[in-house]
Amino acid sequence: DAGITQSPRHKVTETGTPVTLRCHQTENHRYMYWYRQDPGHGLRLIHYSYGVKDTDKGEVSDGYSVSRSKTEDFLLTLESATSSQTSVYFCAISPGNNYGYTFGSGTRLTVV
Amino acid sequence: KNEVEQSPQNLTAQEGEFITINCSYSVGISALHWLQQHPGGGIVSLFMLSSGKKKHGRLIATINIQEKHSSLHITASHPRDSAVYICAVIHGGSQGNLIFGKGTKLSVKP
């Protein structure tokens, strides 16, 4: 059991369509994060969650929404995908400050 | 200016060489992480530091809080060490949100 899984691993979608990425954990960690990784940039925080139904925006949250209705699942939704949202998306989990992080395997999203 | 700067951006070494990757940051932090990203894309946590030095196998990480600087050393490098090494800091009081450097791409030639 990997402890954290992302789905799908790859997705191609058309501009203007909604897309939802899922992050699932079996570690019962409090914190969950969504990052995007683009060439020339470090990983950048999109949204994070510090508990069920407790979420907050990160550095690059425009065009994205999230939901966490239960501890184990953190969903990232692109309401209307744009080509600028073509990226690799990583989910991460952590029990809290000054503890380690575990990253998912990533989702490669292409918006055409 | 980026809050976390890494150097070098790219590094090519011969097998067996001693490697150093540097990370400087400009914000107050509660901890610093070194991460490894292999060509397949997965990200693995190597170290978390808040002071001093840690060692795991051939990897050594150090941090100087006063100078806001950390180094990752690899002794007796091997082609399987080829990866992108990423420095990330937890900005003090930030609910654990990481601020990442852009990474150092290491290639170790046999």
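Whatever comes next refers back to the structure up there.
Residues numbered from 1 in each chain as written. Chains lettered and ligands numbered in written order. Predicted model: local features only at pLDDT ≥ 70, side-chain atom pairs only at ≥ 80, totals over all residues. Heavy atoms only, no water.

Novice: Summarise the overall build of chain B; cite the residues concerned and give the values.
Specialist: Regarding its fold elements, chain B presents zero helices and eleven strands. Viewed in the frame of its principal axes, chain B has a C-alpha envelope of about 45 × 25 × 25 Å. In chain B, buried positions account for 45% of the 110 residues. Taking all contacts inside chain B whose residues are at least 6 apart in sequence as the whole, residues at least 24 apart take part in 55%. Total accessible area on chain B stands at roughly 5,200 Å², and carbon and sulfur atoms take up 50% of it. (Helix = DSSP H or I, 4+ residues; strand = E, 2+ residues; numbered from the N terminus. Buried < 20%, exposed > 50% of the residue type's maximum accessible area, 1.4 Å probe, protein only. Contact = heavy atoms within 4.5 Å. Areas by Shrake-Rupley, 256 points an atom, 1.4 Å probe, with all protein chains shown as cover.)

Novice: Give me the interface of chain A and chain B: which residues, what numbers.
Specialist: Of the residues lining the interface, 18 residues belong to chain A; the matching set on chain B comes to 18 residues. Summed over both sides, the interface between chain A and chain B buries roughly 1,600 Å², with carbon and sulfur atoms accounting for 54% of that surface. On the chain A side of the contact with chain B, A:N98, A:Y101 and A:F103 bury the most area, a combined 34% of that side's loss. Taken together, the links from chain A to chain B amount to zero salt bridges. Counting across the interface, chain A meets chain B through two residue pairs in polar contact (both at pLDDT 80 or more). Looking at the side of chain A that touches chain B, the elements that each hand over two or more residues are β4 (31-37) and β5 (44-51) of chain A. Per-element accounting of the side of chain A that touches chain B gives the leading share, four residues, to β4(A). (Buried area = accessible area lost by both parts, 1.4 Å probe. Salt bridge = Lys/Arg side-chain N within 4 Å of Asp/Glu carboxyl O. Polar contact = N/O pair within 3.5 Å; in protein donor to acceptor, adjacent residues only side chain to side chain.)

Novice: An account of the state of the cysteines is requested, with residue identities and associated values reported.
Specialist: All names here are of chain A. For the structure on display, the rule yields two disulfides over all chains. Covalent S-S linkage joins C23 and C91, the inter-sulfur distance amounting to 1.9 Å. Linking C23 and C91, the disulfide has an S-S dihedral of approximately -75 degrees and is accordingly described as left-handed. In this pair, C23 is assigned in strand β3 (residues 19-25) and C91 in strand β9 (residues 87-94), connecting sequence segments 68 residues apart. According to the relative accessible area criterion, C23 is buried, its value standing at 0%. When its relative accessible area of 0% is taken as the criterion, C91 is described as buried. (Disulfide = S-S within 2.5 Å.)

Novice: So what's going on with the pattern of salt bridges? Residues and values would help.
Specialist: Side chains bearing opposite charge may pair, as long as their charged atoms lie close to each other. Residue and element names in this part refer to chain A. Scanning the model with the defined rule gives five salt bridges over all chains in all. With its nearest N and O atoms 3.1 Å apart, the salt bridge here joins R22 to D73. A residue pair is termed long-range when its members are at least 10 positions apart, and R22 in strand β3 and D73 in strand β8 (residues 73-78) qualify at 51 residues. On the accessibility criterion, D73 (8% relative accessible area) is buried. Through salt bridges with shared partners, one network takes in R22, K70 and D73.

Novice: Break down the sheet that holds strand β7 (residues 59-64) of chain B for me, with residues and values.
Specialist: Residues and elements named next belong to chain B. Reading across from one edge, β1-β3-β8-β7-β6 is the order of the five strands in this open sheet, with antiparallel pairing throughout. Where the open sheet ends on each side, the last strands, each with one partner, are β1 (4-7) and β6 (52-56). Sheet twist, expressed as the average angle between the axes of neighbouring strands with direction ignored, equals 15 degrees. As defined by bridge partners, β1 adjoins strand β3 (residues 19-25) across four bridges and the pair is classed as antiparallel. The residue bridging E5 from the neighbouring strand is S24, located in β3. (Pairing = 2+ DSSP bridges. Axes fitted to C-alpha atoms, helices over the stretch in contact; angles between N-to-C directions.)

Novice: Requested: an account of the sheet that holds strand β7 (residues 64-70) of chain A, with residues and values cited.
Specialist: Residues and elements named next belong to chain A. Here we have four strands laid out as an open sheet, ordered β1-β3-β8-β7, and antiparallel in their pairing. The open sheet has two edge strands with one neighbour each: β1 (4-7) and β7. Adjacent strand axes in the sheet meet at a mean angle of 15 degrees when their direction is disregarded.

Novice: Provide a residue-level description of the pairing of β5(A), including the pertinent values.
Specialist: Residues and elements named next belong to chain A. Counting buried positions over the eight residues of β5 gives seven, a clear majority of the element. Here five bridges tie β4 to β5, and the two strands are oriented antiparallel to one another. Bridge pairing in β5 links W34 to H47.

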